[in-house]
Amino acid sequence: GIVTAGRYTASDGKTRDVAVKKLADGATPREVAQFRAEFETHRRASQHCEKACTLYGCCYRGPALCLVMERYERSLYEYMDTARDPNDDRKRARVPAVQAALMANEIALGLSQLHTQNIICADLKPGNVLMDREGRLVISDFGLAIMVDRSIMRSASSRSSVGAGVTVRYAAPEQLDSELGGLSPKADIWALGCIISEMLTGSMPWAGKRYPEIMTKVLMKRESPAIPPSLPDALDTTLRRCLVHTQAKRASALEVVELLQPLLEG
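A few points on the structure. (Residues numbered from 1 in each chain as written. Predicted model: local features only at pLDDT ≥ 70, side-chain atom pairs only at ≥ 80, totals over all residues. Heavy atoms only, no water.)

Here the focus is the packing of aromatic side chains. Evaluation of the coordinates by the stated rule reveals 1 aromatic pair. Residues Tyr 8 and Tyr 56 carry aromatic rings whose centres are separated by 5.4 Å and whose planes lie at 10 degrees to one another, so their mutual orientation is stacked. Here Tyr 8, found in strand β1 (residues 2-9), pairs with Tyr 56, found in strand β3 (residues 55-61); they are 48 residues apart in sequence, far enough to count as distant. Given the relative accessible area of 26%, Tyr 56 is considered partly exposed. (Phe/Tyr/Trp six-rings, centres within 6.5 Å; stacked < 30°, edge-to-face > 60°. Helix = DSSP H or I, 4+ residues; strand = E, 2+ residues; numbered from the N terminus. Buried < 20%, exposed > 50% of the residue type's maximum accessible area, 1.4 Å probe, protein only.)

As structure tokens, then:
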């Protein structure tokens, strides 16, 4: 879809800034169905998860189907991209450990809420985490998210292919190879680990590597994105528990929150 800025007028006459995601012109019936599925998933997330991007509704503008959402100040990607290294303004600045932990904690709380509603983001990345004027974070973009019954959640391997539009740099091993167990909420935790690594290093996961190289590193060599040295123990442990190749050994969203608490309370 195409996202533009807009103004929403409520029934009481009050207006607010919104973001409008419009289905691209010439969309196929399959794309229309996917857009409607995104609306249903986003509606559930917005209703039950305070750390999901607020959805106001769905409407038609001309022949186009549109999602109307809260407009936020910027994305986490934009936040990181505008902070420059004071010694080299061509490089991103690294987010301080405690601040990175605070942000990771917010994202983990959001994932916990979504996973409780049986929603898997499936494409979590800095561009899909939004920040309001006070710096609070919410999770957005449910275009690739799936909403399944918990009893069949592990059987969602048909949606675990990077060919479906998943961003490879943040994709869990099981998203790169569905033979590794299919899609589960743990894929979002791997992506969270990638985001934490990016905040701490100032570089996106697998920077400078192309898709085949990333596949080889993750699947053949069982490597993970960079874990900086000399991190506080709680953050180091959290990052390592997020970037475990085996799903069963990877932390859950609530475990991430628990692991970070000693650093946040210190």
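Back to the write-up after that little detour.
Unusually for a residue other than glycine, Asn 118 sits at a positive phi of about 65 degrees. Position of Asn 118 among the secondary structure elements: in the loop between α3 (97-116) and β8 (119-120). Asn 118 gets classed as buried once you look at its relative accessible area, which sits at 14%. The residue Ala 122 is not glycine, and still its phi comes out positive at about 70 degrees.

Moving on, we come to the nonpolar core. If you look at the biggest cluster of nonpolar residues, it comprises 52 residues, and the most contacted ones within it are Leu 76, Ile 107, Leu 111, Leu 114, Leu 124 and Met 199. Going through the elements one at a time, α2 (76-82), α3, β8, β9 (129-131), β10 (137-139), α5 (186-201), α7 (233-242) and α8 (253-265) are the ones with two or more residues in this core. By residue number, the principal contributor to this core is α5, which donates 10 residues. Among all residues touching Leu 76, those that are not within four sequence positions of it are Met 103, Ile 107, Pro 126, Val 129, Met 131, Ile 195 and Met 199. In terms of nonpolar packing, the next biggest core, distinct from the first, is built from 12 residues, Phe 35, Phe 39, Leu 130 and Val 138 among them. (Core = buried A, V, L, I, M, F, W, Y, C linked by side-chain atoms within 4.5 Å. Contact = heavy atoms within 4.5 Å.)

With that settled, consider the state of the cysteines. The tally for this structure, following the rule as stated, stands at 0 disulfides. In this structure Cys 58 is not part of a disulfide, and its nearest cysteine sulfur, from Cys 59, lies 6.6 Å away. With no disulfide of its own, Cys 121 has Cys 49 as its nearest cysteine by sulfur position, at a separation of 9.1 Å. (Disulfide = S-S within 2.5 Å.)

What follows deals with the pattern of salt bridges. Scanning the model with the defined rule gives 17 salt bridges in all. A salt bridge links Asp 132 to Arg 136; the nearest nitrogen and oxygen atoms lie 3.0 Å apart. What makes Asp 132 buried here is its relative accessible area of 16%. Here Arg 250 and Glu 174 are joined by a salt bridge, their closest N and O atoms 2.8 Å apart. Linking Arg 250 in the loop between α7 and α8 with Glu 174 in helix α4 (residues 173-176), this pair joins segments that are 76 residues apart in sequence. (Salt bridge = Lys/Arg side-chain N within 4 Å of Asp/Glu carboxyl O.)

The next point concerns the environment of Lys 51. The residue Lys 51 is located in the loop between α1 (29-48) and β3 in this model. Taking the C-alpha atoms as reference, Lys 51 lies 19 Å from Leu 264; in sequence the two are 213 residues apart. Those residues in contact with Lys 51, other than ones at most four positions away along the chain, are Glu 106, Leu 109, Gly 110, Gln 113, Leu 137, Val 138 and Ile 139. A distance of 3.2 Å separates polar atoms of two side chains, one belonging to Lys 51 and the other to Glu 106. (Polar contact = N/O pair within 3.5 Å; in protein donor to acceptor, adjacent residues only side chain to side chain.)

Attention shifts here to the sheet that holds strand β2 (residues 15-22). Taking strand neighbours across the sheet as the criterion, the 4 strands line up as β1-β2-β4-β3 in an open arrangement whose pairing is antiparallel. In this open sheet, the two edge strands, each paired with only one partner strand, are β1 and β3. Going across the sheet, the axis of each strand differs from the next one's by a mean of 35 degrees, ignoring polarity. In this structure, β1 lies alongside β2, joined through 8 bridges in antiparallel fashion. Note that in β2 the partner of Thr 4 across the bridge is Val 20. (Pairing = 2+ DSSP bridges. Axes fitted to C-alpha atoms, helices over the stretch in contact; angles between N-to-C directions.)

Our focus in this paragraph is the packing of α5 against α7. Direction vectors running N to C along α5 and α7 enclose 135 degrees, while the axes themselves pass 8 Å from each other. Compared by their axis directions, α5 and α7 come out oblique. In this structure, α5 meets α7 at a crossing whose hand is left-handed. Counting all contacts with α5, which are made through Ile 189, Trp 190, Gly 193, Ile 196, Ser 197 and Leu 200, the residues of α7 involved are Leu 235, Thr 238, Leu 239 and Cys 242. (Parallel < 35°, antiparallel > 145°, perpendicular 65-115°, else oblique. Left-handed = near helix turned anticlockwise from the far one by under 90°.)

As a further point, take the side chain of Ser 75. Mapped onto the elements, Ser 75 comes out in strand β5 (residues 74-75). Ser 75 gets classed as buried once you look at its relative accessible area, which sits at 7%. Setting aside chain neighbours within four positions, we find Ser 75 in contact with Pro 126, Gly 127, Val 129 and Leu 130.

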